[in-house]
Amino acid sequence: MQTWAKRGIQTALMTGGMLAVGAGIASAEQCADRPCTPLGGGVDVPIDIGNNVVGTPQGSKAAPEIHRDINTDQVAHALPSALQAPAGRLTAPLAGAAEPTGRHALRPMHQQDGGDTFRGNRASADLVIPVQVENNAIGLLGNAEANGDSQQSAAAYHPVDTDGGHGVLTGNVLQFVGAVPLQVTGNALAVGGNAGTHSHSSQDTTSGGGVTTGGDRGVLAGNVLAGQAALPVQADGNAAGVLGNAHSDSTSESSAHAPGALSTSGDQATLSGNALGLPVGTPLGVNGNAIGAGGNAKSHSDTEAEAIAGSTVPNKFGLPSYVRTSGDHSTLSGNGGELPLSGPAELDGNALSAVGNALARGSAEKHTDAGGGVDTSGVGSTGSGSTIEGPVAVPVQAFGNGGSVIGNADSGFDNVTHSSAGGNTFTNGDHSVLSAEGVNVPPAGAVDVFGNAGSVLGNAGGRGSNTTSATTGGYTGTTGNDATGSGNVISTPLAPPVEGYGLAGAVAGTADAQGVETDKDIHSGNGKVNTNDDGGTLSSNIVGGAVAMPVQAFGDAAGWIANVRGRGTNNTTTTAGGDTEAKGTRGSGSGNILYGSLAQPAQLFGVASSTVGTADAAALNNTAAEAGGNSTTDGFGGAGSGNVANPAVAGATQAFGDALAWFGLARGVAGNATDSYAGGNASTSGDHGALSGNLASPAVLSFGQVFGDTVSALGVGGAFGEDGTHAAAGGNNDTSGRGGALSGNILNAPVASEVPQAYGDALAVGGIGQATGYDDNLGQVGGRNTTEGPYRSLSGLIGYAPANPAVEIFDVPIQVLGRALTHGEDRDHIGIGDETPHLDLPPTGDGLGPADLPTFAALQQGRHARAARPIGITLPAPDLPPLPAPTATPFSERSGAHALDDEPTQELPVIGGQGAQLSGMHVDPSGAGLDRYSGLAPSPAAPPVDPGTLLGSLRDRIRGIQLPRA
């Protein structure tokens, strides 16, 4: 078996070895006895396979071990000399062709690197692929146990240093480096037997090398295309029992580094000094999962992974850059770009059972980074010095989920992930044509599924906590002074995390889920967009848009002939883009800004639905979404310059704290604190200009929220939702058109839309429904409009068209052969433009005095001081009988760092009691908690509520509450 394994690996590498030989791999110092080739690199595969145990009916057997290093040099040297001969025949004609003789002899071409036939062109591929397969156990109709501690490290560093200056088709580089460690440790598989492991393993892998070349005064010289891949692959600490029993206890670490920065130049050149980097830092993992299929499986896994691709060096400003080049006084040269990818793809700590039992506990920590920014220049050039910044940071993770089909599954997992990609971009296109353009597309997000539970004819539990950040891009700066079609920027930051956690679902079973979003921070386009023009034509314009839209479902529960409970807490911040600044003074068609912003969380939380069963859902939401920022430019003395169009939409689309009971019992409770901001102030000038300095600022404030509503059909439903959303779209507009024509005008159309808003409503058909909803939103759309100019030349005009469509349905009971009890309050404060804010109150409300109206200056100033604005609800810690615990699970012990049974629980109020009688509603005016369902007694209507004491500081209270962590 050992010989077969060796030969198999050698055969897999044979093709690469033959290619290496056939191409005559050699570096400059290896060319003494044969012509140099532009090829370099190799593949290195260190192998550590050991301490693996197989259990059979004849006893426990140790699998063969392999400890050796296989690489392409070894394969090449082992080949028969007959296979190496063709290399000489292939390269000999090239050597002869390099020096023509006779009357056709040409003047010898310049040779880089002291006589390099290939004129400094290089192609290099370096891969380091360590293989670590240790401490695994397989019980195949027998018993197997493996215990061990293993370490492995491998490194290779091969930078490329060449030059193509003053040459034709010289100094170009094609490079790929990869660090790809493969780790398979601490796994237990039982098939008709027993398997157990206790393992600690670590890997450290480096494969890299930067690129340094140049193409100054060259043609097709000094161009670079390079990729760095850091891809640690882990399959550790998994347990699977198939008609057997398996347990694993594992700690593992794996790091992969693929360093290297790209440096070149193409000054006074043609088609030279262009560079594109493709760094990838992505851990791939399947760790700490437990699968019981006709058997029992238990896993405990703590995993760490790191993937770093690319590195940076200081640019001309002393700031870090991954790609450095320049194309001054050149044609189609010095363009630079990076397309980095960062973020793990992991499946960790999940439990799955099918006619069996599965238990998973553990944690994971991942850190990834790729790229680091671009720095170039295209002064006095044509089609040069432009940048492409396309970083992507999107972790994809599923952990702490439990699923069962005729079985028991229970999981608990803590996750921490930090991912970043890209960086700042700088360029200069002064006195140029179609140069120094910037394209910036930096999506950042996360796809996370954790702490969920689902069962069919079984019992399932899922617990998960998550701390994740993803950041892309940075500052984008360019100029286009006295240029034509230069220094323009396209920027489209996008921050759309997609998540589902704390979700419980069951069909004829039991599911208990809890997800805690400890801290989610998503930042796309982490900086300002700044372009500058003075006296340019069609230069220094900014076009794009920013979107911050978290899409999340958490703390929901749905069951059919089942008992389900979902818990979720959310702390998420999403930011897309920032301020935009341009300048188009004395220019033509320059310094204009067209930049839209959208901040619109889409969320479903604390919603319960039950059909012939019980469903209990509770959630706390603390979300911030911010897109775009202030827009500043100047069109003084320009033609068609310094104009701004900055449409902005902010608000929230949410359903929370709702209950749907169909022949069952359902309760949904939720508290919501959402901040949503889009766009900002706009400032410009069109003085002494023509068609310059105009502002168009359509802004929309959109609230589409359904909360605290109940629908009951021959069931019992109770809902509570309290909303505290702060939102602002657009801002103040300032310009001027003095001495101008068709300049300094403002078109502003602020719209505040509350369609639909439904809360505190109940529909009962042959059942009982209670609903309570409190709407306490604070919003501002648009702002002050300021301009001046001679109206006879159509300057300094203001077009203002505000609108406030609102459809709010609250405190509406509808009952058909049932009982519907409702209580809803509207305490919205919405400001439109520079008008006095209006306050919506229910028809039967007592109203608020003028002193109760807010000051919207604080709202505008609070964009970056979110924590300083208190508003919210208190969720209590009352007694809630737990759902029936799985009785068949063999894992009664709950000790250690991940023991869930030892954790303090903080439950939410239960609907009714033993008889599930839901009638009447008592609201505690002390505000000590949301014991809305205590002291239930028959009553035709809800008693009076004191809003002043009931509604406290929503955000302060929500931040102070945490549901139990996994």
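- The name that an unreviewed UniProt entry assigns to the chain is Chaplin domain-containing protein, with the source organism given as Gandjariella thermophila.

**As for the overall build of the chain**
Then, in step 1: Within the chain, the secondary structure is distributed over seven helices and 81 strands.
Then, in step 2: A burial count over the chain gives 58% of its 966 residues as buried.
Then, in step 3: When the accessible area of the chain is evaluated, it comes to approximately 34,600 Å², of which 62% is carbon and sulfur surface.

**A look at the packing of aromatic side chains**
Then, in step 1: One pass over the full model with this rule turns up 12 aromatic pairs.
Then, in step 2: When the centroid spacing of 4.9 Å and the interplanar angle of 5° are considered together, the rings of Phe707 and Tyr759 count as stacked. With Phe707 in strand E66 (residues 699-707) and Tyr759 in strand E71 (residues 750-759), this residue pair connects regions lying 52 residues apart in the sequence. The residues Phe707 and Tyr759 share a single accessibility class, namely buried.

**Some points on the pairing of strand E63 (residues 665-678)**
Then, in step 1: E63 sits mainly inside the fold: 13 of its 14 residues count as buried.
Then, in step 2: Sheet topology note: the strand E58 (residues 614-627)/E63 ladder contains 14 bridges and is parallel. By the bridge assignment for E63, Asn622 is matched with Ala673.
Then, in step 3: Where E63 meets strand E68 (residues 716-729), 14 bridges bridge the pair, whose relative direction is parallel.

**Here we look at unusual backbone geometry**
Then, in step 1: One non-glycine residue, Gln268, lies in the positive phi region at around 50°.
Then, in step 2: In this fold, Gln268 is placed in the loop between strand E19 (262-263) and strand E20 (275-281).
Then, in step 3: Judged by relative accessible area, which is 42%, Gln268 ranks as partly exposed.
Then, in step 4: Non-glycine residue Leu271 carries a positive phi angle of around 50°.

**A short note on the pairing of strand E53 (residues 563-576)**
Then, in step 1: Counting buried positions over the 14 residues of E53 gives 12, a clear majority of the element.
Then, in step 2: When strand E48 (residues 510-524) meets E53, the two strands line up parallel, connected through 13 bridges. Bridged to Ile522 within E53 is Thr574.

**Some thoughts on the nonpolar core**
Then, in step 1: One finds Leu701 and Val781 to be the most contacted residues of the largest nonpolar core, which totals 35 residues.
Then, in step 2: Breaking this core down by element, the ones donating at least two residues are strand E50 (542-548), strand E55 (593-599), E58, strand E61 (648-656), E66, E68 and strand E80 (829-832).
Then, in step 3: Once you skip the residues sitting within four places of it in the chain, Val781 turns out to touch Ala699, Val700, Leu701, Ala729, Pro750, Val751, Ala752, Gly831, Ile832 and Gly833.
Then, in step 4: Of all hydrophobic cores here, the second largest spans 16 residues; its members include Ala513, Ala608, Ala615 and Ala617.

**Quick look at the pattern of salt bridges**
Then, in step 1: Following the criterion strictly, the structure yields 14 salt bridges and no others.
Then, in step 2: A salt bridge links Lys520 to Asp448, with the nearest nitrogen and oxygen atoms 3.0 Å apart. Of this pair, Lys520 sits in strand E48 while Asp448 is found in strand E40 (residues 447-450), placing the two residues 72 residues apart along the sequence.
Then, in step 3: Its relative accessible area of 0% is what places Lys520 among the buried residues.
Then, in step 4: Through salt bridges with shared partners, one network takes in Asp448, Glu499, Glu517 and Lys520.

**Some points on the environment of Ile406**
Then, in step 1: You can see Ile406 is positioned in the loop between strand E36 (402-405) and strand E37 (408-421).
Then, in step 2: Here Ile406 falls in the partly exposed class, since its relative accessible area comes to 47%.
Then, in step 3: Ile406 sits 50 residues away from Gly356 along the chain, and the two C-alpha atoms are 7.3 Å apart.
Then, in step 4: Other than its neighbours up to four places away in sequence, Ile406 contacts Ala354, Val355, Gly356, Val456, Leu457 and Gly458.

**Side note on the side chain of Thr585**
Then, in step 1: The topology assignment puts Thr585 in the loop between strand E54 (580-581) and E55.
Then, in step 2: Side-chain polar atoms of Thr585 contact the side chain of Asp534, separated by 3.2 Å.
Then, in step 3: Sequence-distant contacts of Thr585, that is, excluding residues within four places in its chain, are made with Asp533, Asp534, Gly535, Asp634 and Phe636.

**What to know about the confidence of the model for the chain**
Then, in step 1: For the chain, per-residue confidence averages 82 on the pLDDT scale, and residues scoring 70 or more make up 78% of the total.
Then, in step 2: Scored below 50 in pLDDT, residues 836-966 makes 309 contacts in the model with residues more than four places away or belonging to other chains.

**A word on empty space enclosed by the protein**
Then, in step 1: If you walk through the whole model with that rule in mind, you get five cavities of 30 Å³ or more.
Then, in step 2: Estimated volume of the largest cavity: approximately 40 Å³.
Then, in step 3: Taken together, Asn646, Ala648, Gly680, Ser697, Pro698, Ala699, Gly730, Gly731, Asn733, Asn748 and Gly782 form the lining of the largest cavity.
Then, in step 4: When the residues that make up the lining of the largest cavity are grouped by side-chain class, the tally is three nonpolar, eight polar and no charged.

**A short note on the side chain of Thr623**
Then, in step 1: Here Thr623 shows up in strand E58.
Then, in step 2: Under the relative-accessibility criterion, Thr623 is labelled buried at 0%.
Then, in step 3: Within the local environment of Thr623, its side chain forms a polar contact with the side chain of Asn621, the two groups lying 2.7 Å apart.

**Considering the environment of Gln175**
Then, in step 1: Examined against the element boundaries, Gln175 turns out to sit in strand E10 (residues 173-179).
Then, in step 2: Residues Gln175 and Gly208, spaced 33 residues apart in sequence, show a C-alpha to C-alpha distance of 10.0 Å.
Then, in step 3: Apart from residues lying up to four places away in sequence, Gln175 is in contact with Ser124, His158, Val160, Gly209, Gly210, Val211, Leu225, Ala226, Gly227 and Gln228.

So, how was this worked out
Residues numbered from 1 in each chain as written. Predicted model: local features only at pLDDT ≥ 70, side-chain atom pairs only at ≥ 80, totals over all residues. Heavy atoms only, no water. Helix = DSSP H or I, 4+ residues; strand = E, 2+ residues; numbered from the N terminus. Buried < 20%, exposed > 50% of the residue type's maximum accessible area, 1.4 Å probe, protein only. Areas by Shrake-Rupley, 256 points an atom, 1.4 Å probe, with all protein chains shown as cover. Phe/Tyr/Trp six-rings, centres within 6.5 Å; stacked < 30°, edge-to-face > 60°. Pairing = 2+ DSSP bridges. Core = buried A, V, L, I, M, F, W, Y, C linked by side-chain atoms within 4.5 Å. Contact = heavy atoms within 4.5 Å. Salt bridge = Lys/Arg side-chain N within 4 Å of Asp/Glu carboxyl O. Polar contact = N/O pair within 3.5 Å; in protein donor to acceptor, adjacent residues only side chain to side chain. pLDDT = per-residue confidence, 0-100. 1 Å grid on protein atoms, 1.4 Å probe; cavity = no way out; pocket = protein on both sides within 12 Å on 5 of 7 lines; lining within 4 Å. Points joined across faces, edges and corners; volume = space filled by probe spheres on them. Nonpolar A, V, L, I, M, F, W, Y, C, P; charged D, E, K, R; others polar.

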